[in-house]
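Here is how the chains run, residue by residue.
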Amino acid sequence: KQTGSLSSTLNVDDAAGSNYVSSELVLRFSKMDTNKRLQIAALSKTPLRVVVEDNNGEKFALGVDNYVSASGGNGTNFGDSNEYSITLTDISKEMPKIVTGEIPE
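What this report covers is the structure whose coordinates are included nearby.

Reading the values: the criteria
- Residues numbered from 1 in each chain as written.
- Predicted model: local features only at pLDDT ≥ 70, side-chain atom pairs only at ≥ 80, totals over all residues.
- Heavy atoms only, no water.
- Helix = DSSP H or I, 4+ residues; strand = E, 2+ residues; numbered from the N terminus.
- Contact = heavy atoms within 4.5 Å.
- Core = buried A, V, L, I, M, F, W, Y, C linked by side-chain atoms within 4.5 Å.
- Buried < 20%, exposed > 50% of the residue type's maximum accessible area, 1.4 Å probe, protein only.
- Pairing = 2+ DSSP bridges.
- Polar contact = N/O pair within 3.5 Å; in protein donor to acceptor, adjacent residues only side chain to side chain.
- Salt bridge = Lys/Arg side-chain N within 4 Å of Asp/Glu carboxyl O.

### A closer look at the environment of valine 50
Structurally, the position occupied by valine 50 is in strand β3 (residues 50-53). Sequence separation of valine 50 and glycine 63 is 13 residues, and the distance between their C-alpha atoms is 6.4 Å. Setting aside residues up to four positions removed in sequence, valine 50 forms contacts with Leu25, Phe60, Ala61, Leu62 and Val68.

### Quick word on the nonpolar core
The biggest cluster of nonpolar side chains holds ten residues, and these are Leu25, Ile40, Leu48, Val50, Val52, Leu62, Val68, Tyr84, Ile86 and Leu88. Elements with a minimum of two residues in this core: β3 and β6 (83-92). Among the elements that line this core, the one with the most residues is β6, at three residues. Other than its neighbours up to four places away in sequence, leucine 25 contacts Ser5, Leu6, Val50, Val52, Leu62, Ile86, Thr87 and Leu88.

### Section: the sheet that holds β3
The strand order across the open sheet built from three strands is β3-β4-β7, with neighbouring strands paired in antiparallel fashion. In this open sheet, the two strands that pair with only one neighbour each are β3 and β7 (97-98). Bridge count for β3 against strand β4 (residues 59-62) is four bridges, and the pairing is antiparallel. Within β4, the residue paired with glutamate 53 across the bridge is lysine 59.

### Things to note about the environment of serine 92
Inspection of the secondary structure assignment puts serine 92 in strand β6. Judged by its relative accessible area of 9%, serine 92 falls in the buried class. Not counting chain neighbours up to four residues away, the residues in contact with serine 92 comprise Tyr20, Val21 and Asp65. Side chain to side chain, serine 92 and aspartate 65 meet in a polar contact 2.6 Å long.

### Things to note about the pattern of salt bridges
Taken as a whole and assessed by the stated rule, the structure comprises one salt bridge. Of the charged contacts in the structure, one is a salt bridge between glutamate 94 and lysine 97, with a shortest N-O distance of 3.4 Å. In this structure lysine 97 comes out as partly exposed when scored by relative accessible area, which is 41%.

Here's what the structure looks like:
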């Protein structure tokens, strides 16, 4: 809770006649430990579909057109907080869809 962020960017290439949306979900996990490290490692190797709930209770689906994959992450430096982070990226035809009713499979 209150440790992640989701941002979506529309990318347009008029010359190629294409456009797509790149959404990045950044997750932060405080208090580094072996279990979290192993789970983050598994996330980095697994094609995913993700449902993100924002602070307003809205749920957004990522991985609808293509699967979500890890695109970055890090541990921390000596003077930083004790946390891991991972960035999951979704490339889609449109902005993330709002989930109403049941979560899509």
